[in-house]
Amino acid sequence: MRLQDCHNFHDFRRLARRRLPGPIFNYIDGAADDEVTLRRNATAFEACDLVPNVLCGVAEVDMSVTVMGQKLAMPVYCSPTALQRLFHHQGERAVAAAASKTGTMFGVSSLGTVSLEEARRIGQGPQVYQFYFHKDRGLNRAMMQRAKEAGVEAMMLTVDSITGGNRERDKRTGFSIPFRLNLAGITQFALKPAWAINYLTHERFALPQLDGHVDMGGGTMSISRYFTEMLDPALHWDDVGEWGGPFCLKGVMSVADAKRAVDIGCAGLVLSNHGGRQLDGSRTAFDQLAEIVDAVGDRIDVMMDGGVQRGTHVIKALSLGAKAVGLGRYYLFPLAAAGQAGVERALDLMRLEIERSMKLMGCKCVDELTRSNLRFR
């Protein structure tokens with residue numbers, strides 16, 4: 001199977017599975033507890049039907065949107081995700097370059113494996129910094145100041161990860177960072193020697209945003225310990241807002257929280273259950289979208305992520321009132337499969353699917369996508 005044989009999310013996932021050791025593939029693919037929310041994220045879109053209009057003269061479409069003051073050439077963006085150089089040695093460099101080439105937004109994670117400064121140099125387009133709130137307030141201030149100096153214009157504070165989810169696939173293989181594999185995990189790595197050669201012949205794995213706090217070489221702190229020991233479970237509304245520029249909250253799901261986000265001056269919010277990786281059994285962002293948009297959509301940029309695998313999924317979310325849609329596994333599997341070339345192909349396919357779907361819906365621009373084009377089963 002080659003990259004040119006990949007035509008959709010499922011193809012990229014299969015290719016990534018062939019190339020990654022089992023523990024790493026399952027880290028991307030897996031979720032919390034029984035993975036109920038993970039499955040529902042994707043199937044939620046199936047209960048919604050599109051009702052197109054015809055004879056609308058749609059020769060060209062404009063799929064651009066503006067989110068938190070940043071213009072995106074298409075209404076999807078690459079959500080910030082952790083540990084990307086573990087999946088492919090290019091990591092965030094590949095994603096930043098592909099997003100910049102496509103003209104859409106890219107996010108760097110606090111647990112990113114390429115520095116904010118380098119990612120900013122690579123991707124000159126819209127960019128956000130995904131931030132975890134730490135017990136050490138001095139560390140929080142230092143990380144935010146560093147992001148400003150790197151030229152990042154918008155902050156994305158993740159609020160649903162004050163502790164790590166129960167990801168049992170990782171427990172079965174002993175997956176952790178630094179590696180603490182059990183026999184089953186070691187065996188799976190041995191079956192994919194090409195990944196090991198690639199990993200060992202490139203620069204040392206590191207977390208530049210957390211230099212001096214999480215030491216991947218010496219094993220000073222594992223990722224699981226990072227979530228349980230360094231992040232602040234007492235994070236409160238009073239702690240939010242120190243950025244001093246446009247910021248959004250990622251992980252908001254209730255109307256009450258959405259209204260509070262507006263009250264404290266958020267420029268945006270991302271409906272998200274963290275890809276099903278935190279609280280299993282939580283509602284899907286797509287199912288909750290209309291309720292949030294009705295409550296605050298005229299005052300704040302509402303975005304969503306979770307389970308998005310097709311351009312038609314994006315069309316449905318936009319029709320409900322989302323300003324843009326975040327992609328996670330959709331670009332991580334192509335990254336693992338083929339680096340920058342994989343991410344570029346995935347984003348190009350998504351762009352074509354959105355363009356085609358808008359034409360078939362009879363819509364020339366995103367603003368013409370409305371709930372009148374939807375019916376729920």
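Above this note sits the structure.
The structure displayed is predicted, hence computed values, not measured ones.

## Things to note about the packing of helix 14 (residues 311–320) against helix 15 (residues 329–361)
Inference 1: Running from N to C, helix 14 and helix 15 cross one another at 55°; their axes reach a closest spacing of 8 Å. Our classification of the angle between helix 14 and helix 15 gives oblique. Seen from above, helix 14 lies across helix 15 with right-handed handedness. Contacts between helix 14 and helix 15 pair Gly-311, Thr-312, Val-314 and Ile-315 from the former with Met-350, Glu-353, Ile-354, Ser-357, Met-358 and Met-361 from the latter.
Inference 2: Within the contact of helix 14 with helix 15, the residues separate by chemical class into six nonpolar, three polar and one charged.

## Topic: the pairing of strand 6 (residues 127–131)
Inference 1: Among the five residues in strand 6, five count as buried, and that is most of the element.
Inference 2: Side chains Gln-127, Tyr-129 and Phe-131 project from strand 6 onto one buried face, and the interleaved Val-128 and Gln-130 project onto a second face that is buried too.
Inference 3: Of the pairings in the sheet, the one linking strand 5 (residues 106–109) to strand 6 comprises four bridges and is parallel in character. From the neighbouring strand, Ser-109 faces strand 6, where its bridge partner is Gln-130.
Inference 4: Where the polypeptide runs from strand 5 across helix 6 (residues 116–122) and back to strand 6, its parallel neighbour, the crossover connection is right-handed.
Inference 5: Where strand 6 meets strand 7 (residues 154–158), four bridges bridge the pair, whose relative direction is parallel. The residue of strand 7 that forms the bridge with Phe-131 is Leu-157.
Inference 6: Assessed by its sense of winding, the connection that carries the chain from strand 6 through helix 7 (residues 137–150) to strand 7 is right-handed.

## Things to note about the state of the cysteines
Inference 1: Throughout the structure, instances matching the rule amount to zero disulfides.
Inference 2: Unpaired in terms of disulfides, Cys-363 finds its nearest cysteine sulfur in Cys-56, a separation of 7.2 Å.
Inference 3: Free cysteine: Cys-365, not disulfide-bonded; nearest cysteine sulfur from Cys-363 at 7.7 Å.
Inference 4: In this structure Cys-365 comes out as partly exposed when scored by relative accessible area, which is 25%.

## Focus: the packing of aromatic side chains
Inference 1: This structure, assessed with the given rule, holds eight aromatic pairs.
Inference 2: Counting every residue linked through ring pairs, the aromatic cluster contains Phe-9, Phe-25 and Phe-333.
Inference 3: We note Arg-277 situated over the ring of Tyr-27; from NZ or CZ to the ring centre the distance is 4.7 Å.

## A short note on the pattern of salt bridges
Inference 1: If you walk through the whole model with that rule in mind, you get 19 salt bridges.
Inference 2: Between Asp-305 and Lys-250 there is a salt bridge, with its nearest N and O atoms 3.8 Å apart. Here Asp-305, found in strand 10 (residues 301–305), pairs with Lys-250, found in strand 8 (residues 247–252); they are 55 residues apart in sequence, far enough to count as distant.
Inference 3: By relative accessible area, Asp-305 is classed as buried at 7%.
Inference 4: In this structure, the salt-bridge partner of Asp-348 is Arg-351, at a minimum N-O distance of 4.0 Å. Here the residue Asp-348 and the residue Arg-351 both occupy positions in helix 15, the gap between them amounting to three residues, near one helical turn.
Inference 5: The class for Asp-348 is partly exposed, based on a relative accessible area of 33%.

Quick notes on the rules
- In this numbering scheme, every chain counts its residues from 1 along its sequence in written order.
- In view of the model being predicted, local features appear only for residues whose pLDDT reaches at least 70, and side-chain atom pairs are presented and counted only at 80 or more, with totals across whole chains, interfaces and linings using the full set of residues.
- The side-chain figures draw on all heavy atoms in the structure; neither hydrogens nor water molecules are used.
- Interaxial angles span 0 to 180 degrees and are taken between N-to-C directions of axes, which are lines fitted to C-alpha atoms, for helices over the stretch in contact.
- In DSSP terms, a helix is any run of H or I states spanning at least four residues, a strand is any run of E spanning at least two, and both are numbered starting from the N terminus.
- Between 65 and 115 degrees an angle is taken as roughly perpendicular, under 35 as roughly parallel, over 145 as roughly antiparallel, and anywhere else as oblique.
- What makes a crossing left-handed is the near helix being turned counterclockwise from the far one by less than a right angle; a clockwise turn instead makes it right-handed.
- In this analysis, two residues are considered to be in contact whenever any of their non-hydrogen atoms come within 4.5 Å of each other.
- Charged residues are taken to be Asp, Glu, Lys and Arg, nonpolar residues to be Ala, Val, Leu, Ile, Met, Phe, Trp, Tyr, Cys and Pro, and polar residues to be all remaining types, Gly included.
- Each residue is placed in one exposure class: buried if its accessible area under a 1.4 Å probe, protein chains only, is under 20% of its type's maximum, exposed if it is over 50%, and partly exposed if it falls in between.
- For two strands to pair, DSSP has to find at least two bridges joining them.
- A clockwise course of the path from the first strand over the helix to the second, judged with the strands pointing away from the viewer, identifies a crossover as right-handed.
- For the purposes of this analysis, a disulfide is any pair of cysteine sulfur atoms at a distance within 2.5 Å.
- Stacked, edge-to-face and tilted are the three classes for Phe, Tyr and Trp ring pairs, Trp counted by its six-membered ring, which pair at centre distances within 6.5 Å; planes under 30 degrees apart are stacked, over 60 edge-to-face, the rest tilted.
- Note on criteria: charge over ring means Lys NZ or Arg CZ within 6 Å of the ring centre, with the direction from the centre no more than 35 degrees off the ring normal.
- Here, a salt bridge means any side-chain nitrogen of Lys or Arg that lies within 4 Å of a carboxyl oxygen of Asp or Glu.

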